[in-house]
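Chain by chain, the residues run as shown.
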Amino acid sequence: MCEVALGEFLKEIKKNPSSVKFAEMANILVIHCQAADDLIQLTAMCWMREFIQLAGRVMLPYSSGILTAVLPCLSYDDRKKNIKEVANVCNQSLMKLVIPEDDEMDETKQSMTLPAEPTSQESLSKTEAASSGSLDASGDSNFSNSSVFTVTSSERIQVTLNLDGIVQVLDCHLHDTSIGMMTRIAVLKWLYHLYIKTPRKMFRHTDSLFPILLRTLSDESDEVILKDLEVLAEIASSPAGQTEGHGPSDSSDVRPGPVELHIPARTSQLSSSGTKGLECSPSTPTMNSYFYKFMINLLKRFSSERKLLETRGAFIIRQLCLLLNAENIFHSMADILLREEDLKFASTMVHTLNTILLTSSELFQLRNQLKDLRTPESRNLFCCLYRSWCHNPVTTVSLCFLTQNYKHAYDLIQKFGDLEVTVDFLTEVDKLVQLIECPIFTYLRLQLLDVKNNPYLIKALYGLLMLLPQSSAFQLLSHRLQCVPNPELMQTTDSTKPSTGFKRMTASNIDYTELLQHFEKVQNKHLEARHQRAGRAEQLDRRVVL
C-alpha cells in the first residue's frame with residue numbers, strides 16, 4: 001500500500017513540478033537512498049532520478065549528499081542491477097547540471113542573487129537537517145520552508161554550486177580502498193568534468209587532490225589509471241593552472257627554468273590569465289605551473305615503486321604522450337633525470353624512456369623530428385635527451401642511431417672498451433641489435449647501401465659486433481653486415497644524387513666533443529657508484545660470516 005501511494009504521489013509531482021518543494025524533500029531522499037533494504041533504496045533512488053530531471057539545478061546544493069548516496073551503488077553487482085542502473089542515471093543527470101557559468105560566480109555575485117530571507121528560518125532548516133542526520137552538502141540553506149520552488153525561477157537565482165562539499169566527497173571516495181572499480185571511475189570522471197567546467201574554482205583544491213591522484217596510478221585497473229591520467233593531464237595543461245595564486249604550494253619541487261619548455265603554437269595562451277585564458281580548448285597541450293611538479297612526482301613514484309615502473313611505466317608514459325605534448329614530457333623527464341642521485345634508477349628510467357621513444361606509435365612525430373635535426377628546437381631536444389641518456393651507454397648509442405649521428409655513435413662505442421662490461425650491458429647490446437632489425441630503423445639499413453657517405457655507420461655496427469659474444473644477436477648482425485655491398489660496385493655517375501651531408505651540416509652547431517666528455521663523466525660516476533655498492537655488499541657478507 002505504501003509503494004502504491006508513493007507511486008501516486010510521484011505521478012502528481014510529474015504533472016505539476018512547478019508547485020513542488022523539491023529542495024525540502026531532497027535530504028529525505030538522500031537518507032533513504034542509503035537504506036539497507038533494497039526496495040526502499042530502489043524507490044528512493046527512482047524518486048531522486050525524477051527530482052534531478054524535474055527540478056534541475058534546484059538540486060545542486062545537495063550534490064555532495066546525492067553523490068554520497070549514489071556513487072557506492074555504481075559498483076553493485078547483478079543482484080542489485082536495478083539500483084545500479086537508476087543510480088547511474090542519477091549520476092549522469094547531476095553531472096550535466098554543472099555548467100561553465102558556475103566557475104564565474106564569485107562571492108559577490110552569490111550575495112547579490114540570494115533573496116533576503118528570514119535568517120531564523122534558515123537557522124531552523126540547518127538545525128533540522130543536522131538533527132535528522134541528513135546529508136545537506138551545501139552547508140548553506142538557500143531556501144526557506146515557506147518558499148515554493150519553480151524550475152524557472154530557482155534555476156535563475158538562489159542556486160549555487162557548493163564545490164567544496166562535492167570535492168570533499170570525491171576525495172573521500174578515492175581514499176577508500178574498499179570501493180569498487182566503477183565507483184572509482186565515476187569519481188575520476190566527476191573530477192575531470194569539474195576541471196573542465198569550473199577550472200578556476202577547482203584549482204583551489206588541486207594541492208589537496210594531487211597526492212591521491214598520484215597514488216591512484218598504482219590502481220589495479222587499467223580503466224581507472226586511464227581516467228586518472230586524464231585528470232592529471234588536465235591539471236597539468238589547463239590555462240587556469242597558470243593563474244596567479246593557483247600554483248603548486250610545494251615550491252621545492254618546482255624550478256622556474258623548465259617552465260620555458262615550449263610549444264611554439266601554444267605559448268601565447270599562457271600570457272594572460274582569467275577569462276581569456278579559459279577560452280582555449282580544455283585539452284590544449286599548454287604547460288602550466290603544475291606540469292613540472294607532475295613530472296617530478298611521477299618519477300619519484302616510479303623510483304619508490306619499481307614494480308609500478310616495470311608493469312605500468314610504459315603504459316602510463318605512452319598515454320601521457322597522447323594526452324599532453326610528447327616533446328615536453330621527454331624534455332622535462334630528461335632534465336629531471338640529469339639531476340637524479342639514484343644512478344641505478346636513472347639508468348633504468350632512461351632505458352624505459354628510450355624503448356618507448358623507439359617503439360611506440362604514439363611518438364612517431366617526435367622520432368621524425370629527432371631523425372632530421374633540422375630545427376634549433378630538435379637539436380636542443382637531442383642535446384637534452386643525450387645528457388640524460390648518458391646514464392645508459394647503449395641507449396646513448398641508439399639515440400645517435402635514431403638521429404643519424406653515426407660518427408658520434410662510433411666514437412661512443414670506442415669508449416666502451418673503458419667501461420665495465422657486465423651481463424646486463426651485453427643484454428642491452430643484444431636488444432639494440434634486435435631493434436636495428438625492426439621497421440623503426442629501416443632508413444638506417446637502407447643507408448648501408450651508400451657505403452661512401454656512411455662509413456661511420458658501418459664502423460659503428462662493426463663495433464657492436466665486436467662487443468657481442470658468439471650469440472644469436474652476433475649472427476644476426478654479422479649476416480646483415482655481410483650484405484653491405486662493395487663500394488666499387490655501387491659507384492654511379494649520377495652527380496645529381498643528394499648527399500647525406502646536408503643533415504650533418506644543419507647539425508654542425510652541436511658540440512660533439514663536449515657531449516663525449518659529458519658521457520665519460522657520467523659513466524665514471526656510475527663506475528664509482530657500482531664500486532661503492534660492491535664494497536657495501538662485501539662488508540655485509542663479512543658481517544654475516546662473523
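Going by the structure above, here's the rest.
This brings us to the overall build of the protein chain. Each helix and strand counted, the protein chain has 29 helices and zero strands in total. Taking as baseline every contact in the protein chain between residues at least 6 positions apart, the subset at least 24 positions apart corresponds to 77%. Only carbon and sulfur atoms are counted for the fraction: they give 54% of the accessible area of the protein chain, which is about 26,700 Å².

Let us now look at the packing of helix 19 (residues 343–359) against helix 21 (residues 376–389). At a minimum axis separation of 10 Å, helix 19 and helix 21 run at an interaxial angle of 140°. Classified by the interaxial angle, the pair formed by helix 19 and helix 21 is oblique. Between helix 19 and helix 21 lies a crossing whose hand is left-handed. On the side of helix 19, the interface is formed by Val-350, Leu-353, Asn-354 and Leu-357, while helix 21 contributes Leu-385, Ser-388 and Trp-389. Of the residues belonging to the contact of helix 19 with helix 21, the class tally is five nonpolar, two polar and no charged.

Next up on the list: the packing of aromatic side chains. Two aromatic rings are characterised by how far apart their centres lie and by the angle between their planes. If you walk through the whole model with that rule in mind, you get twelve aromatic pairs. Centre to centre, the rings of Phe-382 and Tyr-386 are 5.9 Å apart; their planes meet at 55°, and the pair counts as tilted. Here Phe-382 pairs with Tyr-386, and both are found in helix 21, just four residues apart, close to one helical turn. Tyr-386 matches Phe-382 in its accessibility class, with the two residues each being buried. Ring centres 6.1 Å apart and planes at 50° place the aromatic pair Phe-441 and Tyr-443 in the tilted group. Here Tyr-443 falls in the buried class, since its relative accessible area comes to 15%. Joined through ring pairs, the aromatic side chains of Tyr-195, Phe-203, Phe-210, Tyr-290 and Phe-294 make up one cluster. A cation sits over an aromatic face here: Lys-293 above Phe-210, 5.0 Å from the ring centre.

About the criteria used
Residues numbered from 1 in each chain as written. Predicted model: local features only at pLDDT ≥ 70, side-chain atom pairs only at ≥ 80, totals over all residues. Heavy atoms only, no water. Helix = DSSP H or I, 4+ residues; strand = E, 2+ residues; numbered from the N terminus. Contact = heavy atoms within 4.5 Å. Areas by Shrake-Rupley, 256 points an atom, 1.4 Å probe, with all protein chains shown as cover. Axes fitted to C-alpha atoms, helices over the stretch in contact; angles between N-to-C directions. Parallel < 35°, antiparallel > 145°, perpendicular 65-115°, else oblique. Left-handed = near helix turned anticlockwise from the far one by under 90°. Nonpolar A, V, L, I, M, F, W, Y, C, P; charged D, E, K, R; others polar. Phe/Tyr/Trp six-rings, centres within 6.5 Å; stacked < 30°, edge-to-face > 60°. Buried < 20%, exposed > 50% of the residue type's maximum accessible area, 1.4 Å probe, protein only. Lys NZ or Arg CZ within 6 Å of the ring centre and 35° of its normal.

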